[in-house]
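Structural overview for review
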Amino acid sequence: MRVLRQSMRGRVGAHDYPLEPEAAPAAFRGQVQLDPNRCRGDAACARVCPSGAITVEETSTGWIWQLDDSRCVFCGLCADACANRAVSLSNAFELAVRQPDDMVTRAEFIRNEETD
Amino acid sequence: MTDVVTSPAVDLQQLSGGELLPSRVPGETRVVVPLVTLPRACQVIVDGVGARLATMVAQDERAETGSFTLAYTFAIPDRRWMTIECQVPADSPAFPSVTPLVPAAHWYEREARDMFGLEPEGHPDLRRLVMHDDWPAGVFPLRKDFDPSIPVPRVEADPYRFHTLHGDGIVEIPVGPFHAGVIEPGHFRFAAVGEVVLALEPRLFYTHRGIEKLIEGKSLDHGLQIAERICGVCSLSHAVTYCQAAEQILGIEAPPRAAVIRSIGLELERLYNHVGDAGNMCAGVGFMVGVAHGARLKDELQRLNEQFTGNRFLRGLSAIGGVRRDLDVEFAAQMSLELARIAREFGELTAMILGSETTMERMRRTGILPGDLARALGVVGVGARASGIDLDTRRDHPYAAYRDGETARRRDGKTARRPDGQNLPPSPAVGRGAGGEGYSAVGRGAGGEGHSAGGGEGFPVPTREEGDVAARLLVRIDEVAVSFALIQALIAEMPAGPLIAGWTPPTTDAAAFSATESPRGENLHWLRVNAQGTIERYRVRSASFPNWPAVAAAAPGNMVPDFPLINKSFELCYACLDR
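Before going into details, it helps to say that this report is about the structure given with it. As the structure is a computational prediction, the values presented were derived from the model and not from experiment. (Residues numbered from 1 in each chain as written. Chains lettered and ligands numbered in written order. Predicted model: local features only at pLDDT ≥ 70, side-chain atom pairs only at ≥ 80, totals over all residues. Heavy atoms only, no water.)

A few words on the packing of aromatic side chains. All names here are of chain B. Summed over the entire model, instances satisfying the criterion amount to 17 aromatic pairs over all chains. Summarising the aromatic geometry, the rings of Trp81 and Phe513 are spaced 5.2 Å apart at their centres and angled 85° between planes, so their arrangement reads as edge-to-face. Taken as a pair, Trp81 in strand β5 (residues 80-89) and Phe513 in strand β17 (residues 510-518) lie far apart in primary sequence, 432 residues in all. The pair Trp81 / Phe513 is uniform in exposure class, with both members buried. Joined through ring pairs, the aromatic side chains of Phe188, Phe190, Trp548, Phe563 and Tyr574 make up one cluster. Note that Arg203 overlies the ring of Tyr160, its terminal NZ or CZ placed 3.7 Å from the centroid. (Phe/Tyr/Trp six-rings, centres within 6.5 Å; stacked < 30°, edge-to-face > 60°. Helix = DSSP H or I, 4+ residues; strand = E, 2+ residues; numbered from the N terminus. Buried < 20%, exposed > 50% of the residue type's maximum accessible area, 1.4 Å probe, protein only. Lys NZ or Arg CZ within 6 Å of the ring centre and 35° of its normal.)

See the structure below:
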């Protein structure tokens, strides 16, 4: 077989991950990413999120966008729902953290009345 | 719709003696019968037309009609469905058990007892099934008045009573629920004399997550995210089954391109499962080279899944109304090449397995599931086909790209005829020749006859008569060849057009069900939405549900050390059984 012949010639079939990094394919749905310049705080992402991973909270001056990776199921509905293309699913899959709090990404926005 | 038999509703209805109800499911005859005649009506359908019990759905409709509803759905061999319903009054929640007449009903009725508190009178085994010992009596999680947000205090109770055998030299061997490997939890209680298993009783449902309750009140979109995660290995089958049920409720259909993409995905799912399973079965006999190569090829297939859908388990592909991702020409061409290579290497792997006499010797005549027993238990999938039962949902209740026009069109243009006169689609480099030598070791003749071309439908459904571990391996190997060929044919003729049909949330109460052929066999999802557009009741009957009792039935008479092999050869899922 191809792999047996390969390894007999001294070539190892497997990648030496994690020493040799492994890139995810382009279509991969990894960690949710927010482009702060595109976010308008309309909370479409939070409304479609089936697991409550994304929340958008209105404040007196703007809004707080928050993502909890521990709740995310990587379905990508948020990216599909965002009319401004602010939310996307990146290729990041190495999501281990040391503290539970590090699972949460929080972005606070101040509403700019002139541009909105 | 019901194109095979003209006016099907009349005879099935007459046979059952019930009163006709409307149905949204193509080919379904739905009747309601008085409670007392339920077992007889079910028996008449099973004996009269050779029907197989496909699911049973209990519902709590006390708020609307003052009663519970039971619906027994049967698959009729001529591609129809038959549902027999009855009302169980709320003030005396008991019904005459169907199990003594139709044994396949045994687990369904025990589950209805656990989840709804409906007492099946005359059922031979009234022990708990889904809810284990520490669940309090009188608490029924699928009743509408059960609030899942309030924690249920667990109770001390008498331990589960296993069936025990007594006699000189009989030893009881408890195994599990924790196992020495990364598998799911299940308890197996063997009674053995020396090496020989006399009886096996499995205790399952350790991973019951209350999915059917959890999904109630959710929107159809959110429901899909849960349905897709019922289990890991049949994710897409569950997702497509759910979507098809929802589409029937909404009165929409996935566009042709979406149907083809779904079928490609479903065949990829079958491939990565069957290829991995062929390797894993070698673990049962300690043939580790086979295990390693099976795992390697499975991983390559899963990488392909990931490139295609963004997920190794094909999650996120199916959506209600169609699919969320397209298969572009460039990637399709790449996938076609990759699959041809993997098919070739799988041919080498199967030649290696089938050529290993010590491996095959362990598999032959091991874990035999007799055909009549498989029929009585309503077994589906590979387990049924390896015991001589010719069934495959793709042919018997066609969906996605397996529907009449589609498969017939492909067959007429592309099917090669094998020397024995049986139809098989072109199999690019699947190493039939290599496999052939091995087949002879298990009885080539039987295998040849086993390839039924499928009732004029032309969809190849490999079957075998032996019912042993080897037969289940060989059926898988043949199905892999069919899947490889099918994907190539589907890629070659992708119709253009939209990927998804639009829909708005339903505004009337409606129910429907749908079935697909997952790698493990027929999956059947029953779905009902209410006028608010949210899910009212959802019943998942995965292929593992009717097949687990067959595993226990195939074990007696074998050696204890062969049980892992027998279990692997059925390759059932705990997560989608337990839900």
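All names here are of chain B. Strand β18 (residues 521-529) sits mainly inside the fold: nine of its nine residues count as buried. Where β17 meets β18, nine bridges bridge the pair, whose relative direction is antiparallel. Pairing of Phe513 across the sheet is with Trp526, part of β18. The pairing of β18 with strand β19 (residues 535-541) spans six bridges and is antiparallel. Among the inter-strand pairings, Leu524 is bridged to a residue of β19, identified as Arg541. Counting the residues in the hairpin turn of β18 and β19 gives five residues, including Gly533, whose phi is positive at 80°. (Pairing = 2+ DSSP bridges.)

All names here are of chain B. Side chains of Leu165, Val193, Val196 and Leu198 sit close together on the surface and give an oily, nonpolar patch of about 290 Å² of accessible area. Here Leu165 is to be found in the loop between β7 (119-121) and β8 (170-175). With relative accessibility at 40%, the residue Leu165 sits in the partly exposed group. (Patch = residues over 30% accessible without salt bridge, like charges linked within 9 Å, V, L, I, M, F, W, Y side chains within 5 Å. Areas by Shrake-Rupley, 256 points an atom, 1.4 Å probe, with all protein chains shown as cover. Salt bridge = Lys/Arg side-chain N within 4 Å of Asp/Glu carboxyl O.)

All names here are of chain B. Spatially, β8-β9-β10 is the arrangement adopted by the three strands of the open sheet, whose pairing is antiparallel. At either margin of the open sheet sits one strand with a lone partner, and together these are β8 and β10 (196-203). The mean angle between the axes of side-by-side strands here comes to 20°, regardless of whether they run parallel or antiparallel. As defined by bridge partners, strand β9 (residues 187-193) adjoins β10 across seven bridges and the pair is classed as antiparallel. The residue of β10 that forms the bridge with Val193 is Val196. (Axes fitted to C-alpha atoms, helices over the stretch in contact; angles between N-to-C directions.)

With that out of the way, let us pick up the sheet that holds strand β2 (residues 54-58) of chain A. Residue and element names in this part refer to chain A. Taken in spatial order, the three strands of this open sheet run β2-β3-β5, and their pairing is antiparallel. The sheet is open, and its two edges are formed by β2 and β5 (104-110), each paired on a single side. Taking the axes of each pair of neighbouring strands and ignoring which way they run, one obtains an average angle of 15° across the sheet. Sheet analysis places strand β3 (residues 62-68) next to β5, joined by seven bridges and oriented antiparallel. Looking at the pairing, Ile64 lines up with Glu108 of β5.

At the interface, 19 residues of chain A touch 21 residues of chain B. Summed over both sides, the interface between chain A and chain B buries roughly 1700 Å², with carbon and sulfur atoms accounting for 51% of that surface. Inspection of the chain A/chain B interface yields two salt bridges. Salt-bridge contacts for B:Arg324 lead to A:Asp80; the nearest nitrogen and oxygen are separated by 3.1 Å. Counting across the interface, chain A meets chain B through nine residue pairs in polar contact (both at pLDDT 80 or more). For the side of chain A that touches chain B, the elements supplying multiple residues, two or more each, are α1 (2-8), α2 (44-48) and α3 (77-81) of chain A. Element by element, the count of residues in the side of chain A that touches chain B is highest for α1(A), at three residues. Split into classes, the residues belonging to the side of chain A that touches chain B amount to 13 nonpolar, one polar and five charged. (Contact = heavy atoms within 4.5 Å. Buried area = accessible area lost by both parts, 1.4 Å probe. Polar contact = N/O pair within 3.5 Å; in protein donor to acceptor, adjacent residues only side chain to side chain. Nonpolar A, V, L, I, M, F, W, Y, C, P; charged D, E, K, R; others polar.)

What follows covers empty space enclosed by the protein. Residues and elements named next belong to chain A. As enumerated under the stated definition, the model contains eight cavities of 30 Å³ or more in all. Taken as a whole, the second largest cavity encloses approximately 90 Å³ of empty space. Along the walls of the second largest cavity sit 13 residues, with Cys49, Pro50, Cys72, Cys75 and Cys78 positioned nearest its centre. Residues that form the lining of the second largest cavity fall into these classes: eleven nonpolar, two polar and no charged. (1 Å grid on protein atoms, 1.4 Å probe; cavity = no way out; pocket = protein on both sides within 12 Å on 5 of 7 lines; lining within 4 Å. Points joined across faces, edges and corners; volume = space filled by probe spheres on them.)

Attention now goes to the side chain of B:His222. Mapped onto the fold, B:His222 is located in helix α6 (residues 220-227). Of the polar contacts made by the side chain of B:His222, one reaches the backbone oxygen of A:Val48; its length is 2.9 Å. Those residues within four positions of B:His222 in sequence are excluded, and the remaining contacts are A:Arg47, A:Val48, A:Cys49 and A:Pro50.

Residues and elements named next belong to chain A. Mapped onto the secondary structure, Leu89 falls in strand β4 (residues 87-89). Leu89 sits in the buried class, given a relative accessible area of 18%. When the C-alpha positions of Leu89 and Leu77 are compared, they lie 9.8 Å apart, and in sequence the two are twelve residues distant. Discounting residues that sit within four places of it in the chain, Leu89 has contacts with Phe28, Arg29, Gly30, Gln31, Val32, Phe74, Gly76, Cys78 and Ala79.

Residue and element names in this part refer to chain B. Applying the stated rule across the entire model yields 55 salt bridges over all chains. The salt bridge involving Arg127 is made with Glu201; its shortest N-O contact spans 2.8 Å. On the criterion of sequence distance, the pair formed by Arg127 in the loop between β7 and β8 and Glu201 in strand β10 is long-range, its members being 74 residues apart. Both residues of the pair, Arg127 and Glu201, count as buried. The closest approach of N and O atoms between Glu517 and Arg385, which form a salt bridge, is 2.9 Å. Residue Glu517 is found in strand β17, and its partner Arg385 is found in helix α13 (residues 381-385); the two are separated by 132 residues along the sequence. The exposure class of Glu517 is buried, given its relative accessible area of 1%.

With that settled, consider helix α19 (residues 544-554) of chain B. With ten of eleven residues buried, α19(B) is to be regarded as a mostly interior element. Where α19(B) is concerned, the buried positions are B:Ser544, B:Phe545, B:Pro546, B:Asn547, B:Trp548, B:Pro549, B:Ala550, B:Val551, B:Ala552 and B:Ala554.

Our next topic: the layout of surface pockets. Vacant regions in the atomic arrangement are exposed by a probe of water-molecule size rolled over the atoms. All names here are of chain B. Looking at the largest pocket, its volume works out to about 900 Å³. In terms of lining, the largest pocket is formed by 38 residues, of which the most central are Val182, Ile183, Glu184, Lys568 and Glu571. Every element with two or more residues in the lining of the largest pocket is listed here: β9, α8 (256-283), α9 (288-309) and α20 (563-570). For the lining of the largest pocket, the class distribution of residues is 20 nonpolar, ten polar and eight charged.

On to unusual backbone geometry, then. Following A:Tyr17, the chain continues to A:Pro18 via a peptide bond in cis, the omega torsion being 5°. Among the secondary structure elements, A:Pro18 is positioned in the loop between α1 and β1 (32-34). Residues B:Gly176 and B:Pro177 are joined by a peptide bond in cis, for which omega reads 10°. Mapping B:Pro177 onto the fold places it in the loop between β8 and β9. The residue B:Leu314 is not glycine, and still its phi comes out positive at about 65°. Turning to its location among the elements, B:Leu314 is positioned in the loop between α9 and β11 (318-319).

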